[in-house]
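Residues per chain are reported as follows:
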Amino acid sequence: MNLIQLLKKLSLIDFMKGFTVTLKALFRRKVTVQYPEVKTPLSPRFRGKLALMRYDNGEERCIACKLCSAVCPAQAISIESEERADGTRRTVKFDIDAFKCIYCGFCEEACPVDSIVETNIFEYHMTENHERIQTKEMLLATGDQHRKQTIENKKKDSRYR
Amino acid sequence: MKEFIYSLLSFLDPQWINLIWSLLQIAIVTICLILTVVFLVLFERKVIGYMHSRVGPNRVGPMGSLQSIADTIKLLLKEVIIPSKADKFFFLLSPILLLIPALAAWAVIPFSPDFIIADINAGLLYLLALTSFGVYGVILAGWASNSKYAFLGSMRAAAQMVAYEIAMGFALVGVLMAGGSLKLGEIVAAQSGGILNWFWIPLFPLFIVYFISGIAETNRHPFDLAEGEAEIVAGFHVEYSGIGFAIFFLAEYINMALISVLTSILFLGGWESFFTGLTILENTFFAFLLEPSIFWLLIKTLFFLFIFVWLRASFPRYRYDQLMSLGWKVLIPITIAWIGVECVMYVMQVGPWSIA
């Protein structure tokens, strides 16, 4: 080790450089988003909680074709169907296991009648284990609750699909 | 305040008054220290947060000021888990063994010319003894936990303490030579007369070495190998929960404050004002700035505490062999060399001191 290197080491110049970097950062603008009060913008394509949609007349869209359950990579969807009195095929059971679901959005893309959709809700929780199974009623209720917002988002995104 | 207490209790025997005054001083210092730790934890989190471009804790109380109180309450209410294979007696003893020397060392710290709990003659020696005594708590904690990681952490702490204790002792020898006394009050008195008379100029290398080995002594970043999170989880206190962990935390921060206050006393003139000797300020509104007072000591201490936090935000942890080579091959030779230089300065009468 030559003399210049030794002096450089002893003068702690590298430490001073490191200190200036962090000291500058001390006065930099802070980037924290104060989450519950302030939220970051969400893309209309955001894939959040799953929901089932209805037609404008209130009839459920799902025709129990089981394409979504077939395409689901996590096998989170289980469907049972029956024939109604008016001859249409409808589901009697439409369960999504929220723990299995990976929010890939394949079910939404596979759906021929735009029944199953992903809303942009990501703030939800469950306190009991059995609540992870989202039944047909729960999914339809989610769809009804966020119908307006979801339709708006899908409309915005439709240009790019 | 001392006079007030003495006059209030004048009907008692003088011995009893002295005892009461000492107990009162101890209570004041201990409470202030615990409040300092409460402040320090928040200070550290805030400063590191700001250095990361975050805002740090800001939910509990205005600007997050009650965050550390909330944390303390949480820790005190948590269950104390004692591992079934642990040595129960030493497991419970070691946090206390760490805390007692950390608190006891403050007995000889002169906060201002007339506020010192025990003005003993061998103040510096006492400090040296007590600051190294803390390592027993660390080693016992690691050993009593009966966990490999805790034991590894405490072994590292022991080796580190031995290495840096020597550099620290030599740095103190330099101060001792310059100050001409082991009494901390007299060391500060030897530095009176303006910022140029403080020991940090003639003893600059010792000042740096003392602070670095102080950081190593307190097991703080970047020398916190004893608790390196990445490889040995939390080191010696990995098995502690609840109040045991809280005591380790308390002791660490009290030690941090101790090193800061000692550096200010030994090298930056303790309670002396920054502006002593500035005759312009006399007879003006700012004349109070010339007065030596405890606030100067607090400002200097806060500065060093800021450096502690600043270091933690800036640098990665040292590797073990780097730590050892820094201690043995760099710091100790520097201190020995500078003591030689000091001897020459002493004989040639170069420094601000004179042969008594």
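All values reported here derive from a predicted model rather than from experimental measurement.

Residues and elements named next belong to chain A. Spatial ordering of the open sheet is given by β2-β3-β5, a layout of 3 strands whose pairing is antiparallel. Every other strand in the sheet has two partners, leaving β2 (77–83) and β5 (133–134) as the edge strands with one partner each. Where helix α5 (residues 136–145) meets the sheet, its contacts fall on β3 (89–97) and β5, and the angle it forms with β3 comes to roughly 90°.

Residues and elements named next belong to chain B. Between its terminal C-alpha atoms helix α12 (residues 320–348) stretches 41 Å, which fits the 42 Å expected from 29 residues at 1.5 Å a residue. The largest bend along α12 reaches roughly 30° and is located at leucine 326. Where α12 is buried, its residues touch α6 (148–179) and α8 (204–217). Immediately downstream of α12, the backbone of glutamine 349 shows phi near 60°, a positive value.

All names here are of chain B. Two elements in contact, helix α2 (residues 14–51) and helix α11 (residues 294–314), have axes whose closest approach is 9 Å; the angle formed by their N-to-C orientations is 45°. One element, α2, and the other, α11, form an angle in the oblique class. Classified by chirality, the crossing of α11 by α2 is right-handed. Only Leu305, Phe306, Val309, Arg312 and Ala313 of α11 make contact with α2, whose side of the interface consists of Leu40, Phe43, Glu44, Val47, Ile48 and Met51. For the contact of α2 with α11, a count of residues per class yields 9 nonpolar, no polar and 2 charged.

With 99% of its residues at a pLDDT of 70 or more, chain A shows a mean pLDDT of 88. Confidence, read as mean pLDDT per element, is least for helix α1 (residues 3–10) of chain A in chain A (82) and greatest for helix α3 (residues 67–71) of chain A (92).

This brings us to the nonpolar core. With 90 residues, the main nonpolar core has Ala171(B), Val175(B), Tyr210(B) and Leu258(B) as its most contacted residues. Per-element accounting of this core gives the leading share, 15 residues, to helix α10 (residues 242–267) of chain B. Three or more residues apiece are contributed to this core by two domains, here domain 1 (1–77) and domain 2 (82–348) of chain B. Those residues within four positions of Ala171(B) in sequence are excluded, and the remaining contacts are Leu206(B), Val209(B), Tyr210(B), Ser213(B) and Thr335(B). Counting residues in each nonpolar core, the second largest holds 17 residues, with Met53(A), Cys62(A), Cys68(A) and Leu139(A) among its members.

Scoring rules and cut-offs
- Residues numbered from 1 in each chain as written.
- Chains lettered and ligands numbered in written order.
- Predicted model: local features only at pLDDT ≥ 70, side-chain atom pairs only at ≥ 80, totals over all residues.
- Pairing = 2+ DSSP bridges.
- Helix = DSSP H or I, 4+ residues; strand = E, 2+ residues; numbered from the N terminus.
- Contact = placed C-beta atoms within 7 Å.
- Axes fitted to C-alpha atoms, helices over the stretch in contact; angles between N-to-C directions.
- Expected span 1.5 Å × (residues − 1).
- Bend = angle between axes of the 7 residues up to and from the residue.
- Parallel < 35°, antiparallel > 145°, perpendicular 65-115°, else oblique.
- Left-handed = near helix turned anticlockwise from the far one by under 90°.
- Nonpolar A, V, L, I, M, F, W, Y, C, P; charged D, E, K, R; others polar.
- pLDDT = per-residue confidence, 0-100.
- Core = buried A, V, L, I, M, F, W, Y, C linked by C-beta atoms within 7 Å.
- Buried ≥ 20, exposed ≤ 12 C-beta atoms within 10 Å, placed from the backbone.
- Domains from an automatic or database assignment.

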